Amino acid sequence: MPEQDNSIDEMYRQYIIRLERKLRELEAERMELRRELRRYKMEVDKLLSPPLIEAVVLSVLPDGRAVVKSSTGPNLVVNVSSYIDPNKLTPGTFVALNQRGSTIVEILPQYEDPYVSAMEVVERPRISFDDIGGLEEQKRELYEAIILPLTKPGLFKELGIEPPKGVLLYGPPGCGKTMLAKAVASMSKATFIRVVGSEFVHKYIGEGARIVREVFRLARKKAPSIVFIDEIDAIAAKRIDIGTSGEREVQRTLMQLLAELDGFDPLGDVKVIAATNRIDILDPAILRPGRFDRLVYVPPPNEKARIEIFRIHTRRMRLADDVDFTQLARLTEGATGADIRAIVIEAGYFALRSNRKIVTMADFLAAIDKVMKRRRRPYADVTEYGEEQVPVTRRNEGAAVMHM
Ligand code: ATP
């Protein structure tokens, strides 16, 4: 009998052990399921939570509220959540508004504005004054006004003179304004940032002032740098009246640009060069001392400069002995640097079509004829070749057309 009792005890013991093991397994499974449930709950919360609205701080009001430009369009006056540090709300800060758009609930990490990152930023352009024909006086002025202050600021401090804050290059298109600015950046080992005035008006509608601020922020980050504003007349033309909202927007963009210029140290490491073909329509506010106070005229090249430009653009070409730059320069009276470049390319194509690797004087003469004729009659190609062969690139205002 006791033997039978023992075996029953053993059976129960084994049974309890099995049950305990099972319990532990179930316990572990329950914990795992709980974890999973929490994960799914969070996922559902995320899916159900309303999206926040992205905005950029424009200014902070004395009462602690902020004026922001929301990504949905309008400028809004909003409250600031108590847990947000008001010192971090500087103009240009990216923030998130709650769904009703009434309160700043989060400061977003600062990222580079996609508009700004799409701009032409060349860390170190590879152009020097030697690549620019003529314009000796202009090169000297730019050397003194920009390169020297950037590379040897001490010299100016010792002499007690202030270099200009901004230089305005003006003159007809295609005569080397952009090239000069790039060469200045390269020679002063500065980053070259190019923005185009008309893009503020057409591309960045409603964002002009902010983009100006962002551009200068980028320039300070990448200093030493040169901000090159091409077609500045698009944002700095004299205004007859500012009735429409578009004109007010342009005005705001200009005001922001002036504010940036005014806030600058002339011996700092950010310089501004602007360019225009229409100095006659510029707002005098932009030319006041302390702003673009050095005006540099970039004229069309004279005969001597044209010889140099021909020489520069044919540097990598194999030329026949009969090519005479002096005569080419004489034949291209009134041509711009861009025209001469187009002539050189065209001459290369004439040689190519005749299966030659050497470019002859006859190729140049034919190219001059073609480019200069088109310069006088910008749309000549349409009738000459028919619709399909309209030039791919056409420089503005009837300047040279290049077949690439
Ligand atoms: P735009 O007002 O149309 O912007 P721009 O005055 O800035 O014109 P650039 O863009 O500098 O003109 O010049 C256009 C092209 O013409 C240059 O890429 C260069 O190939 C040629 N070019 C113009 N001027 C010169 C020059 N003085 N020496 C050599 N090349 C020149």
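Cut-off values and rules
Residues numbered from 1 in each chain as written. Predicted model: local features only at pLDDT ≥ 70, side-chain atom pairs only at ≥ 80, totals over all residues. Heavy atoms only, no water. Pairing = 2+ DSSP bridges. Helix = DSSP H or I, 4+ residues; strand = E, 2+ residues; numbered from the N terminus. Axes fitted to C-alpha atoms, helices over the stretch in contact; angles between N-to-C directions. Near = heavy atom within 4 Å. Polar contact = N/O pair within 3.5 Å; in protein donor to acceptor, adjacent residues only side chain to side chain. Areas by Shrake-Rupley, 256 points an atom, 1.4 Å probe, with all protein chains shown as cover. Buried < 20%, exposed > 50% of the residue type's maximum accessible area, 1.4 Å probe, protein only. Expected span 1.5 Å × (residues − 1). Phe/Tyr/Trp six-rings, centres within 6.5 Å; stacked < 30°, edge-to-face > 60°.

J.: Even after reading the chapter, I still don't get the sheet that holds strand β4 (residues 94-97), so can you show me in this structure?
T.: Strand order around the closed barrel formed by five strands is β1-β2-β3-β5-β4, with mixed pairing between neighbours. Taken pair by pair, the neighbouring strands of this sheet meet at an average axis angle of 55°, ignoring direction. Pairing of strand β3 (residues 75-80) with strand β5 (residues 103-107), which is carried by two bridges, proceeds in the parallel orientation. Within the sheet, the bridge partner assigned to Asn79 lies in β5 and is Thr103.

J.: Is there a simple way to think about the site of the ligand in this case?
T.: Contacts to the ligand come from 19 residues, most closely from Gly133, Gly174, Thr178, His313 and Arg341. Backbone polar atom of Cys175 to an oxygen atom of the ligand: 3.2 Å apart, as the coordinates give it. Within the backbone of Ala338, an N or O atom sits 3.3 Å from an oxygen atom of the ligand. Against a free-state accessible area of 630 Å², the protein chains account for coverage of 87% of the ligand. Within the residue set of the shell around the ligand, elements represented by two or more residues are α5 (177-187), α10 (303-313) and α12 (337-353).

J.: I'm lost on unusual backbone geometry in this one. Help?
T.: Negative phi values dominate among residues other than glycine, just as trans dominates among peptide bonds. Even without being a glycine, Lys189 presents a positive backbone phi close to 55°. As for its placement among the helices and strands, Lys189 is situated in the loop between α5 and β8 (191-196). The class for Lys189 is exposed, based on a relative accessible area of 56%.

J.: I'm lost on helix α7 (residues 208-221) in this one. Help?
T.: Residues that lie three or four places apart on an α-helix share one face, since the helix turns once every 3.6 residues. The end-to-end C-alpha distance of α7, which contains 14 residues, comes to 20 Å, matching closely the 20 Å that a straight helix rising 1.5 Å per residue would cover. Of the positions making up α7, those classed as buried are Gly208, Ala209, Arg210, Ile211, Val212, Arg213, Glu214, Val215, Phe216, Leu218 and Ala219.

J.: Explain the packing of aromatic side chains to me, please; I cannot follow it from the model alone.
T.: Each aromatic ring pair is summarised here by two numbers: the centre-to-centre distance and the angle between the ring planes. As enumerated under the stated definition, the model contains four aromatic pairs in all. Plain terms: the ring middles of Phe310 and Phe325 are 6.4 Å apart, the flat faces sit at 15° to each other, and that makes the pair stacked. Here Phe310 is found in helix α10, whereas its partner Phe325 is found in helix α11 (residues 325-331), with 15 residues between them in sequence. The buried category is assigned to Phe310, whose relative accessible area is 0%.

J.: Is there a simple way to explain the environment of Asp131 in this structure?
T.: Within the secondary structure, Asp131 is located in the loop between β6 (120-122) and α3 (136-151). Residues Asp131 and Ile312 lie 181 residues apart in sequence; the distance between their C-alpha atoms is 6.3 Å. Here the side chain of Asp131 touches Ser128 through a polar contact of 2.9 Å, landing on its backbone nitrogen.

Shape descriptors only; they carry no functional weight alone.
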